[in-house]
Amino acid sequence: MKNIVLLTGSSHPKLAKKISETLGMELSECKLGKFSNQETSVEIKSSVREKHVYIIQSGCGRVNDNLIELFILIQACRMGSAKRITVVTPLFPYSRQSEKSQRKRLPQHQIGSEIMNSLAQNSESSPTMPQGVFAQSFMGMSSAEGGYREWCARAGTLVSNLLQAAGADHLIAMDLHDPQYQGFFQIPVDLIYAEPCITQWIRSEIPNWRQAVVVSPDAGGAKRATSICNKLNLDFALIHKEDLGNTKESMGLVGEVNGRPAIILDDMIDSGSTIGLASEILKRHGASEIFAIAVHGVFSGPALEIINKSPVNVVACTNTVPQEDFRKLCPKLRTIDIAPMLAEIIRRTFYGESVTQLFVHDEQF
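Summary of the structure given here. (Residues numbered from 1 in each chain as written. Predicted model: local features only at pLDDT ≥ 70, side-chain atom pairs only at ≥ 80, totals over all residues. Heavy atoms only, no water.)

**Examining the overall build of the protein chain**
When its secondary structure is counted, the protein chain shows 13 helices and 14 strands. In the protein chain, which comprises 365 residues, the share counted as buried stands at 51%. If you sum the accessible surface of the protein chain, you get close to 17,100 Å²; carbon and sulfur atoms cover 48% of it. (Helix = DSSP H or I, 4+ residues; strand = E, 2+ residues; numbered from the N terminus. Buried < 20%, exposed > 50% of the residue type's maximum accessible area, 1.4 Å probe, protein only. Areas by Shrake-Rupley, 256 points an atom, 1.4 Å probe, with all protein chains shown as cover.)

Written out as structure tokens, the structure is:
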């Protein structure tokens with residue numbers, strides 16, 4: 001592959017290294033650091049003139065520092081007369097911060113205490129989850145009635161505008177938490193999915209996967225879960241809200257999991273609250289084994305502690321976020337490698353081939 005340059009930021013150099021090895025090329029040398037006043041320093045050692053540059057930077061770790069570093073990398077390539085600049089963000093930064101999702105999010109200490117109390121309850125109690133401040137907030141309930149409506153900043157829209165202003169010509173992002181952000185760009189966006197890698201992992205790592213039930217932990221993830229069900233010819237179940245009357249709600253399960261393995265499928269594990277609640281419900285409904293699969297394993301706050309104490313047997317996440325440190329703290333974690341798929345997508349976009357065909361034909365990586 002001639003006239004192509006691969007650059008990586010500080011967020012996930014191991015993933016970038018795997019991608020370059022799959023493509024059979026070396027990462028271009030780039031010096032990244034900080035000045036004495038903590039401003040970001042970027043120096044590209046090789047020429048990018050009239051070349052197609054791919055910058056790999058994930059929205060994880062020190063997100064704000066990595067984001068500014070990405071902007072400066074893009075600008076440096078633009079000033080270096082790069083022919084085309086493609087940004088590869090396995091985890092798009094600030095993709096969770098839509099107006100709706102922000103109102104559901106809580107401080108981490110509150111999430112941890114509520115989930116720990118829930119998981120510690122007697123497993124012989126009612127299959128519906130107990131009520132509480134966390135349960136109400138998780139389901140979008142508000143304890144205050146009336147009053148001034150809270151307005152939330154749309155940070156994801158701002159990030160998309162900044163990427164374009166910095167000089168990016170093309171974006172490759174994986175499994176956006178809010179797919180609406182794809183429409184905020186004026187440049188081409190390739191929204192890719194980890195579904196082929198996930199289905200391959202299910203076939204190879206879950207011995208009795210043909211008897212399993214795929215479970216969506218909320219209505220928003222039903223489309224993602226049913227797509228996996230159709231590919232693998234599996235049954236589907238959904239965890240949803242139940243109206244108990246008197247303005248109270250609880251979470252319930254639609255579908256049969258008794259005596260069968262359950263596979264919880266979500267796009268992201270952040271605080272671990274969703275997995276903790278969903279696994280407890282499935283255990284109470286008689287699931288023989290519980291697997292949790294997510295595209296992005298962020299594991300912030302008490303997430304790993306919640307997972308360790310939950311009924312989940314195995315949690316599998318792709319390496320859009322570095323997983324090495326998390327696996328040391330949680331023996332249940334497994335990693336799904338997406339580097340071969342990202343390498344193939346980079347190759348296809350460079351040569352002008354179709355990216356959609358990868359997902360239509362469910363190719364193996």
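Picking up where we left off.
**Topic: the sheet that holds strand E4 (residues 52-56)**
Spatially, the five strands line up as an open sheet ordered E1-E4-E5-E6-E7, and their pairing is parallel. This sheet does not close on itself; its edge strands, each paired only once, are strand E1 (4-8) and strand E7 (189-192). Neighbour to neighbour, the strand axes of the sheet diverge by 15° on average, direction disregarded. Relative to strand E5 (residues 84-89), E4 runs parallel, the two being bridged by five bridges. The partner of His 52 across the bridge, within E5, is Arg 84. (Pairing = 2+ DSSP bridges. Axes fitted to C-alpha atoms, helices over the stretch in contact; angles between N-to-C directions.)

**Thoughts on the nonpolar core**
Burial of nonpolar side chains together is a common tendency in soluble globular proteins. Judged by nonpolar contacts, the single largest core of 45 residues is most densely connected at Ile 19, Ile 198, Ile 202 and Ile 293. Among the elements that line this core, the one with the most residues is helix H12 (residues 339-351), at six residues. Not counting residues up to four positions away in its chain, the partners in contact with Ile 198 are Ile 228, Leu 265, Ile 293, Val 295 and Ile 336. In terms of nonpolar packing, the next biggest core, distinct from the first, is built from 33 residues, Ile 264, Leu 277, Ala 278 and Cys 330 among them. (Core = buried A, V, L, I, M, F, W, Y, C linked by side-chain atoms within 4.5 Å. Contact = heavy atoms within 4.5 Å.)

**What to know about the state of the cysteines**
Under the counting rule described, the total for this entry stands at zero disulfides. Residue Cys 30 stays outside any disulfide, its sulfur separated by 7.7 Å from that of Cys 77, the closest cysteine. (Disulfide = S-S within 2.5 Å.)

**Side note on the packing of helix H1 (residues 13-23) against H12**
Where H1 contacts H12, the two axes come as close as 8 Å, and the packing angle between them is 60°. Put simply, H1 runs oblique to H12. The two elements H1 and H12 cross, and the hand of that crossing is right-handed. Residue-level inspection shows Leu 15, Lys 18, Ile 19, Thr 22 and Leu 23 of H1 in contact with H12, the latter providing Ala 339, Pro 340, Leu 342, Ala 343, Ile 346 and Arg 347. (Parallel < 35°, antiparallel > 145°, perpendicular 65-115°, else oblique. Left-handed = near helix turned anticlockwise from the far one by under 90°.)

**Structural notes on H1**
Within H1, the full set of buried residues consists of Leu 15, Ala 16, Ile 19, Ser 20 and Leu 23. Projection of H1 onto a plane perpendicular to its axis shows the buried side chains occupying an angular sector of 135°, all on one side. Summarising the geometry of H1, the exposed residues directed more than 90 degrees from the buried face are Lys 14 and Glu 21. The secondary structure elements touched by the buried residues of H1 are E1, E4 and H12. Note on H1: the residue one or two positions beyond its end, Gly 24, has a positive phi of about 75°. (Arc of directions from axis to C-beta.)

**Focus: the pairing of strand E14 (residues 333-336)**
Along any regular strand the residues' side chains alternate between the sheet's two faces. Relative to E14, strand E13 (residues 314-318) is paired through four bridges, and the arrangement is parallel. Across the sheet, the residue bridging to Cys 317 is Thr 335, located in E14.

**What to know about the packing of aromatic side chains**
This model, assessed by the stated rule, comprises four aromatic pairs. Ring geometry for Phe 92 against Phe 185: centres 6.0 Å apart, planes inclined by 75°, an arrangement best described as edge-to-face. Remark: Phe 185 occurs in the loop between strand E6 (170-174) and E7 and Phe 92 occurs in the loop between E5 and helix H3 (99-102); sequence separation between them is 93 residues. A ring pair is formed by Tyr 193 and Phe 359, whose centres lie 6.0 Å apart and whose planes are at 85°; its orientation type is edge-to-face. Of this pair, Tyr 193 sits in the loop between E7 and helix H7 (195-205) while Phe 359 sits in helix H13 (residues 357-360), and the two are 166 residues apart along the sequence. (Phe/Tyr/Trp six-rings, centres within 6.5 Å; stacked < 30°, edge-to-face > 60°.)

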